[in-house]
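# Structural description and commentary
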Amino acid sequence: MGKHTKQTMLFKDFSNKKVEVDFDGGEITSDAGILFLRETESQTGIIDTVCKVLNDKRNPSYVKHNIRQLLSQRVFQIAAGYEDGNDCNELRNDPIYKISCDSEQALASQPTTCRFENSISRGTLYRIARALVDAFIASYDKAPPAIILDIDDTAAPVYGGQQLSLFNAYHGCHCYMPIHIYEGHSGRLISTILRPGKRPGGKEIVSILKRIIGHIRKRWPHVAILLRGDGHYSCPEVFDYCAENNLKYVFGFRSYPTVMRKAAALC
């Protein structure tokens, strides 16, 4: 058998102090900040809220990671900048991620994560968006007198052949264009809707607003609502919806004569 010796004197002394180096420090990580994110999430309970609307259709005999662990792993990795599924293979043994996902064993690999993401149906996406609205409402002890709905979309670039990803000339890339809605006073997320990589039309915007505002007013029937968005949300369908549902609004104006005339008629 070979004889192994451990060298500990690799560097010269510093200020009459011995400098020793060894490799017995145990497991280390470069993402310790995830622990703070884990504590924040534990106070909001948003991951548990979303998990309740996810259906687990897997055969229990082959399940090693429950839905909460899969969702937590994906959320925390994306938050740390590891958005690719392939990153799971490198990070599944990272001690911080295992702690954050309440797992003593290695976390999910890339194939397991891929199957999990592809198991989400369109109906499940709707339930997730609604669960986010419920979490927003639950964050208040009582109904506020008024809220501001800031609505906007943003480009989420893709790097493969993902379904419904489209080339967007304005952003110069293939992407999704999810719509984000925040509360203007507090900055709290109300909901996010994943959608193809193109700007939404008037009918699509109204269909989203109907569901979200209708759900809010079921819980807060007397809350005053101000809708705020940029120019491509100023379209006749949105103006009609606001007028019919007692909604105040502030939009940028596009230079389309039809839109300008419609807005002037409603003012």
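Reference entry: report on the structure contained in this document. (Residues numbered from 1 in each chain as written. Predicted model: local features only at pLDDT ≥ 70, side-chain atom pairs only at ≥ 80, totals over all residues. Heavy atoms only, no water.)

### Thoughts on helix α7 (residues 122–138)
We count it as follows: Put simply, DSSP marks the helices as runs of H or I at least four residues long and the strands as runs of E at least two long, and each gets a number from the N terminus on. Given a helix with a known number of residues, its expected span is that number minus one, times 1.5 Å. Partly exposed describes any residue whose relative accessible area lies between the buried limit of under 20% and the exposed limit of over 50%, with all areas from a 1.4 Å probe on protein chains only and scaled to the type maximum. Two residues qualify as a contact provided that any one of their heavy atoms is within 4.5 Å of a heavy atom in the partner residue.
Its 17 residues place the ends of α7 25 Å apart at the C-alpha level, agreeing with the 24 Å of an ideal helix rising 1.5 Å per residue. Among all positions of α7, only Thr-124, Ile-128, Ala-129, Ala-131, Leu-132, Val-133, Phe-136 and Ile-137 are buried. Against α2 (46–51), β5 (179–183), β6 (189–193) and α8 (202–219) lie the buried residues of α7.

### Thoughts on the sheet that holds strand β7 (residues 224–229)
Short version of the rule: When DSSP locates at least two bridges between a pair of strands, those strands are taken to pair. To obtain an axis, a line is fitted to C-alpha atoms, over the contacting stretch when the element is a helix, and the angle between two such axes runs from 0 to 180 degrees between their N-to-C directions.
Strand order across the open sheet formed by 5 strands is β6-β5-β1-β7-β8, with mixed pairing between neighbours. This sheet does not close on itself; its edge strands, each paired only once, are β6 and β8 (248–251). Averaged over all neighbouring strand pairs, the angle between strand axes comes to 15°, with direction disregarded. Here 4 bridges tie β5 to β6, and the two strands are oriented antiparallel to one another. Within β6, the residue paired with Ile-179 across the bridge is Ile-193. Relative to the sheet, α7 contacts β5 and β6, its axis offset from that of β6 by approximately 175°.

### A closer look at the pattern of salt bridges
How we decide: Basic side-chain nitrogens of Lys or Arg form a salt bridge, by our definition, when they fall within 4 Å of a carboxyl oxygen of Asp or Glu.
Counted under the stated rule, the structure contains 8 salt bridges. With a shortest N-O distance of 3.5 Å, Arg-38 and Glu-39 are connected by a salt bridge. Owing to a relative accessible area of 23%, Arg-38 belongs among the partly exposed residues under this scheme. By relative accessible area, which is 43% here, Glu-39 ends up partly exposed. Within this structure, Arg-38, Glu-39 and Asp-102 form a network of salt bridges that share partners.

### Comments concerning helix α3 (residues 67–79)
Our working definition: Under this definition, polar contacts are N or O atom pairs within 3.5 Å; protein pairs additionally need one hydrogen-donor-capable and one acceptor-capable atom, and for neighbouring residues in sequence, both atoms have to be side-chain atoms.
A rise of 1.5 Å per residue sets the reference length of α3, with its 13 residues, at 18 Å; its end C-alpha atoms lie 18 Å apart and thus fit the reference within 8%. Here α3 has its buried residues at Ile-67, Gln-69, Leu-70, Leu-71, Ser-72, Gln-73, Arg-74, Phe-76 and Gln-77. Elements that come into contact with the buried residues of α3 comprise α1 (34–44), α2, α4 (87–91), α5 (95–100) and α6 (110–118). Measuring from the backbone nitrogen of Arg-68 back to the side-chain oxygen at the start of α3 gives 3.1 Å, which picks out Asn-66 as the cap. Just past α3, the residue Gly-81 takes up positive phi, approximately 95°.

### Concerning the sheet that holds strand β3 (residues 166–168)
The strand order β2-β4-β3 describes an open sheet built from 3 strands, whose pairing is antiparallel. Of all strands in the sheet, those with a lone pairing partner are β2 (156–157) and β3, marking the two edges. Taken together, the 3 bridges between β3 and strand β4 (residues 173–176) define a ladder with antiparallel strand orientation. Directly across from Asn-168, in β4, lies its bridge partner Cys-173.

### Describing the side chain of Ser-72
Within the secondary structure layout, Ser-72 lies in helix α3. In this structure, Ser-72 is in contact with Ile-47 and Cys-101, ignoring residues within four places of it in sequence.

### A word on the environment of Gly-214
By the secondary structure assignment, Gly-214 is in helix α8. With 31 residues separating them along the chain, Gly-214 and Asn-245 place their C-alpha atoms 9.8 Å apart.

### Notes on the side chain of Asn-168
Within the secondary structure layout, Asn-168 lies in strand β3. In this structure Asn-168 comes out as buried when scored by relative accessible area, which is 8%. At a separation of 3.1 Å, a polar atom in the side chain of Asn-168 contacts the main-chain amide nitrogen of His-171. Apart from the residues within four sequence positions on either side, Asn-168 is in contact with Cys-173, Cys-175, Met-177, Gly-197 and Lys-198.

### Digging into the packing of aromatic side chains
Filter applied, for reference: Geometry of aromatic contacts follows a simple scheme: Phe, Tyr and Trp rings, the Trp one being its six-membered ring, pair when their centres are within 6.5 Å, and the pair is stacked under 30 degrees between planes, edge-to-face over 60, tilted otherwise.
On inspection of all chains with the given rule, the structure shows 6 aromatic pairs. With 5.2 Å between their ring centres and 85° between their planes, Tyr-140 and Trp-220 make a pair best called edge-to-face. Taken together, the positions of Tyr-140 in the loop between α7 and β1 (146–153) and Trp-220 in the loop between α8 and β7 put the pair 80 residues apart, joining distant regions of the chain. Looking at Trp-220, the relative accessible area reads 6%, which means it is buried. Plain terms: the ring middles of Phe-239 and Tyr-249 are 5.3 Å apart, the flat faces sit at 35° to each other, and that makes the pair tilted. Residue Phe-239 is found in helix α9 (residues 236–244), and its partner Tyr-249 is found in strand β8; the two are separated by 10 residues along the sequence. Since its relative accessible area comes to 0%, Phe-239 is described here as buried. On the accessibility criterion, Tyr-249 (26% relative accessible area) is partly exposed. Feature note: the residues Phe-136, Tyr-140 and Trp-220 constitute an aromatic cluster, connected by ring pairs.

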